[in-house]
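Residues per chain are reported as follows:
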Amino acid sequence: MSSVAPLPLFVRLLRACGAASIVLGLSLGASACRTSTQASTAPQPQPPQYYPQQPYGQPPYYGQPQQPQPQPNQPQPQPVAQRPLLPPLVGVAAQQQEVRSILAELINVLSPQNQALVRGIPLTFDPTIEVNAFAGCDEQGTPFLAATTGILEAVDAIAQTKATDELFGTQTYEAYCNAVLPQLVRSDKARAALPAGIIPANLGPDLRRWSRAREIFDDVIAFTFGHELAHHYLGHTGCAKGQAMGSGPDPARLGRLLSVVPIFNQAGEAASDSAGCVNALDAGRARRPQYEWSDTGGVLLLDYFARIERAGGGGGPLSLLNPVQFLRSHPNPLARIPIVQTVARTWRSQHPG
Ligand SMILES: [Zn+2]
């Protein structure tokens, strides 16, 4: 955003290991060298087991609302905004469709020039459990976007816990981070998904909680893909030129495409944070009277990655040994939060009301 002074922060320009492809991660997760073997042998996504498994359109959402019963010594719900309740977002297929829908909304509010560069870019879902999102180019120089199963699990966990804490005054986000993040930095087999038992059983079915969780999920995904889209239309990947788009790489090939060596390009990463935040805010405003996306999504996501970094040794020398790839390769995400907040403040001053 031109009115915001460039901030001397982070970028990761990720170069292929001697290959023609290039991939830019959100510096969320990261993309140090990864092999296709890893991708092809990764566990297939499993339906989450952490909530009542209710397919869309089935009770409890469309049944009688299950308001939580007041419990002795339980915090009482905080007042919530009077917005229509959204259907629960349950399962990988529904989450993937949600990401596609958000991506379309983001593209719709870009400038005509930027729309021409990125419209039709295929979005590939990578079944690996590493928490990451990417903007990249395949071997033919065709742009793509990708999201891993890991990032969907992480954003779902953030959304479920933050919604619960917001409504009921609980500390489930802290409990989730304390339970999961130390494992995540110790083992590349650990998953970011929300374990059973973090959300109190009596609060699980609450429809306001499900609805708020979906709003938060969308907010975080909007920032994530606002950032990744920006890598393409700002020219960081170098392959989004308004050409006819392909159908996107087969997920089984992503491992090879993501075999990259990261280098930092602070200006580019800050530019993608700024442009991605503005894109999410513009798309959020266009959603009125629905829930508007804000800088909350970016702040939540970057806070989550800052916590992972802390769990892995705070970015100090020990983190160089950490199996979580981005801890070896990117600077502290906490320092990116002020970018997002500054951009949002400026945007709000220019878009009152
Ligand atoms: Zn990035």
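Residues numbered from 1 in each chain as written. Predicted model: local features only at pLDDT ≥ 70, side-chain atom pairs only at ≥ 80, totals over all residues. Heavy atoms only, no water.

## Things to note about the pattern of salt bridges
Argument step 1. Considering all chains together, one arrives at 15 salt bridges under this definition.
Argument step 2. Salt-bridge contacts for Arg83 lead to Glu215; the nearest nitrogen and oxygen are separated by 2.7 Å. Taken as a pair, Arg83 in the loop between α1 (36-41) and α2 (92-108) and Glu215 in helix α6 (residues 207-233) lie far apart in primary sequence, 132 residues in all.
Argument step 3. You can call Arg83 partly exposed: its relative accessible area is 32%.
Argument step 4. The salt bridge partner of Asp295 is Arg348, with a shortest N-O separation of 3.2 Å. Separated by 53 residues along the polypeptide, Asp295 in the loop between α8 (266-286) and α9 (296-311) and Arg348 in helix α10 (residues 337-350) bring together distant segments of the chain.
Argument step 5. Residue Asp295 is classed as buried on the basis of its relative accessible area, which comes to 11%. (Salt bridge = Lys/Arg side-chain N within 4 Å of Asp/Glu carboxyl O. Helix = DSSP H or I, 4+ residues; strand = E, 2+ residues; numbered from the N terminus. Buried < 20%, exposed > 50% of the residue type's maximum accessible area, 1.4 Å probe, protein only.)

## Section: the packing of aromatic side chains
Argument step 1. Overall, the coordinates contain two aromatic pairs when judged by the stated rule.
Argument step 2. A ring pair is formed by Tyr176 and Tyr304, whose centres lie 6.2 Å apart and whose planes are at 10 degrees; its orientation type is stacked. Of the two residues, Tyr176 sits in helix α5 (residues 172-186) while Tyr304 sits in helix α9, which places them 128 residues apart along the sequence.
Argument step 3. Relative accessible area serves as the criterion here: at 0%, Tyr304 is assigned to the buried category.
Argument step 4. An angle of 90 degrees between the planes, with centres 5.5 Å apart, marks the rings of Tyr304 and Phe305 as edge-to-face. In terms of burial, Tyr304 and Phe305 fall into one category: buried.
Argument step 5. It is Arg209 that lies over the ring of Trp210; its NZ or CZ is 5.3 Å from the centre. (Phe/Tyr/Trp six-rings, centres within 6.5 Å; stacked < 30°, edge-to-face > 60°. Lys NZ or Arg CZ within 6 Å of the ring centre and 35° of its normal.)

## Comments concerning empty space enclosed by the protein
Argument step 1. Within this structure, the stated rule accounts for three cavities of 30 Å³ or more.
Argument step 2. As a volume, the second largest cavity reaches approximately 40 Å³.
Argument step 3. Lining the second largest cavity we find Leu89, Asp156, Ala159, Gln160, Trp210, Ala213, Arg214 and Phe217.
Argument step 4. For the lining of the second largest cavity, the secondary structure elements donating two or more residues are α4 (149-168) and α6.
Argument step 5. Of the residues contributing to the lining of the second largest cavity, the split by class is five nonpolar, one polar and two charged. (1 Å grid on protein atoms, 1.4 Å probe; cavity = no way out; pocket = protein on both sides within 12 Å on 5 of 7 lines; lining within 4 Å. Points joined across faces, edges and corners; volume = space filled by probe spheres on them. Nonpolar A, V, L, I, M, F, W, Y, C, P; charged D, E, K, R; others polar.)

## Structural notes on the pairing of strand β3 (residues 123-126)
Argument step 1. Here β3 shows a buried face lined by Leu123 and Phe125 and a second buried face lined by Thr124 and Asp126.
Argument step 2. Taken together, the four bridges between β3 and strand β5 (residues 143-148) define a ladder with parallel strand orientation. Bridging from a neighbouring strand, Asp126 pairs with Thr148 of β5. (Pairing = 2+ DSSP bridges.)

## Considering α2
Argument step 1. For α2, with 17 residues, the first-to-last C-alpha span of 24 Å sits near the 24 Å given by 1.5 Å per residue.
Argument step 2. Listed in full, the buried residues belonging to α2 are Val92, Ala94, Gln95, Glu98, Val99, Ile102, Leu103, Leu106 and Ile107.
Argument step 3. Buried residues in α2 make contact with α3 (112-118), β3, β5, α4, α6 and α8. (Expected span 1.5 Å × (residues − 1). Contact = heavy atoms within 4.5 Å.)

## As for unusual backbone geometry
Argument step 1. Note the cis peptide between Arg288 and Pro289, where omega equals 5 degrees.
Argument step 2. Within the element layout of this structure, Pro289 appears in the loop between α8 and α9.

## Notes on the packing of α4 against α5
When two helices pack together, their arrangement is captured by the angle between the axes and the distance separating the axes.
Argument step 1. Relative to each other, α4 and α5 sit at 145 degrees, their axes nearing to 7 Å. For the pair formed by α4 and α5, the contact residues are Ala154, Ala157, Ile158, Thr161, Lys162, Thr164 and Asp165 on the first element and Thr172, Tyr173 and Tyr176 on the second.
Argument step 2. Class assignment for the residues of the contact of α4 with α5 results in five nonpolar, three polar and two charged. (Axes fitted to C-alpha atoms, helices over the stretch in contact; angles between N-to-C directions.)

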